[in-house]
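Descriptive analysis of the structure
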Amino acid sequence: MSRPVIIALDFPTATKALAFLDQFPANLHVTVKIGMELFYAAGPEIVKAVQQRGHAVFLDLKLHDIPNTVESAMRVLGQLGVTYTTVHAAGGHMMLAAAKRGLVAGATAAGLPAPKLLAITQLTSTNQDILNQDQQIAGTVRASVVHYAQLAQQSGCDGVICSAQEVQAIHEAVGTDFLGITPGIRPAQAQADDQQRVMTPAAAAKAGSNGLVIGRPITQATDPVKAYQDIMSEWSN
Ligand SMILES: O=C(O)c1cc(=O)[nH]c(=O)n1[C@@H]1O[C@H](COP(=O)(O)O)[C@@H](O)[C@H]1O
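Conventions adopted
Residues numbered from 1 in each chain as written. Predicted model: local features only at pLDDT ≥ 70, side-chain atom pairs only at ≥ 80, totals over all residues. UniProt positions renumbered as here; feature names shortened; annotations may be inferred. Helix = DSSP H or I, 4+ residues; strand = E, 2+ residues; numbered from the N terminus. Core = buried A, V, L, I, M, F, W, Y, C linked by C-beta atoms within 7 Å. Buried ≥ 20, exposed ≤ 12 C-beta atoms within 10 Å, placed from the backbone. Contact = placed C-beta atoms within 7 Å. Pairing = 2+ DSSP bridges. Axes fitted to C-alpha atoms, helices over the stretch in contact; angles between N-to-C directions. Arc of directions from axis to C-beta. pLDDT = per-residue confidence, 0-100. Parallel < 35°, antiparallel > 145°, perpendicular 65-115°, else oblique. Left-handed = near helix turned anticlockwise from the far one by under 90°. Nonpolar A, V, L, I, M, F, W, Y, C, P; charged D, E, K, R; others polar.

It is worth spelling out the UniProt feature "domain: Orotidine 5'-phosphate decarboxylase" (unreviewed entry) in the chain at this point. UniProt feature "domain: Orotidine 5'-phosphate decarboxylase" (unreviewed entry): in the numbering of this structure it lies at residues 4-231. Spanning residues 4-231, this segment combines 44% helix with 16% strand, and its end C-alpha atoms are found 11 Å apart.

Bringing the nonpolar core into the picture now. Formed by 63 residues in total, the largest nonpolar core has its most connected members in Ala99, Ala119 and Val160. Examining the composition of this core, we find that seven residues originate from one element, helix H7 (residues 141-154), more than from any other. Look past the residues within four positions of alanine 119 in its chain and what remains in contact with it is Val87, Ala89, Leu96, Tyr148, Ala152, Cys157 and Val160.

With that out of the way, let us pick up the sheet that holds strand E2 (residues 31-34). Taken in spatial order, the eight strands line up as E1-E2-E3-E4-E5-E6-E7-E8 and close into a barrel, and their pairing is parallel. Pairwise comparison of adjacent strand axes, ignoring direction, gives a mean angle of 25° for this sheet. Pairing geometry for strand E4 (residues 84-88) and strand E5 (residues 116-120), over five bridges, is parallel. Within E5, the residue paired with tyrosine 84 across the bridge is lysine 116. Of the strands in this sheet, strand E3 (56-63) and E4 are in contact with helix H4 (residues 67-77), which crosses E3 at around 165°. Together, strand E1 (5-8) and strand E8 (211-214) form the strand contacts of helix H11 (residues 224-236), whose direction differs from that of E1 by roughly 150°.

Moving on, we come to the environment of leucine 28. Locating leucine 28 in the fold gives a position in the loop between helix H1 (14-21) and E2. Distance from leucine 28 to valine 225, taken between C-alpha atoms, is 10.0 Å for residues 197 residues apart in sequence.

Turning to H4, its buried residues are Val70, Glu71, Met74, Arg75 and Leu77. Around the axis of H4, the buried residues are gathered within 160° of arc, so they sit on the same side. Away from the buried face of H4 by more than 90 degrees, exposed residues Asn68 and Val76 are located. Packing partners of the buried residues in H4 comprise E3, E4 and helix H5 (93-109).

Let's shift gears to the confidence of the model for the chain. The predicted model of the chain averages 97 in pLDDT, with 100% of residues at 70 or higher. For this predicted complex, the interface confidence comes out at an ipTM of 0.99, alongside a pTM of 0.97.

Despite not being glycine, lysine 62 shows a phi value in the positive range, around 45°. Here lysine 62 lies in strand E3. Phi is positive for glutamine 136, which is not a glycine, with a value near 55°. By the element assignment, glutamine 136 lies in the loop between helix H6 (128-134) and H7.

Interhelical geometry of H1 versus helix H3 (residues 44-52) gives an angle of 15° and a closest axis separation of 11 Å. Considered as vectors, H1 and H3 are oriented roughly parallel to each other. Taken as a pair, H1 and H3 cross one another with a handedness that is right-handed. On H3, the residues touching Ala14, Ala17, Leu18 and Leu21 of H1 are Ile46, Ala49 and Val50. By residue class, the composition of the contact of H1 with H3 is seven nonpolar, no polar and no charged.

In structure tokens form, the structure reads like this:
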């Protein structure tokens, strides 16, 4: 199975996102994450534009609503030909199962393979204090993340989004076939920004991460292609 370095295309307009991608050689096909900012600004057209350039798309809209609404929304997203998409594990078993049903139904109707469904566990910007005080969840961040991974697996998800700090515990709990895709990745000298649970690409690889999500260290680099290639080589060595 491929272990992608997924570039978070966090830009406010399609023009800026495509100008960023145009810096990459035409024959270098990557996986990019289109999140709320870009999708709200540019809609499904930006998904198509990125796919037409040969890149795979991770559509990250982190759905969280009642099961019926999530199922209907996923039916629409399932028709876009994306590789991965996201739903919040905190919505519970019924919502996750509904998300999976909708995604598979949408993809089947469009004659496409179903995208991998990844459940958001605890955001990598969450720390122990936020978990215990703001969310009023007792216990450790790791225990909460592993619990959500078990729930997501039982509900038919293909994997979770978590910090690379929790990947090993997840794989021990639910098996190595279940994907642990990890944002909160920072090369050794990079600043953490708003991320709390971070790891370097090399440490994430060692921990068994199934894919990295990385934005600012690439998108805001002076030479984004070199930043991407440096991370790729650290990750795959
Ligand atoms: O779902 C995500 O992709 C996500 C989950 C999470 O727990 N933490 C997290 O940072 N992300 C996303 O991963 C990207 C990280 O960006 P950088 O912090 O710039 O590398 C952003 O697009 C976030 O929305």
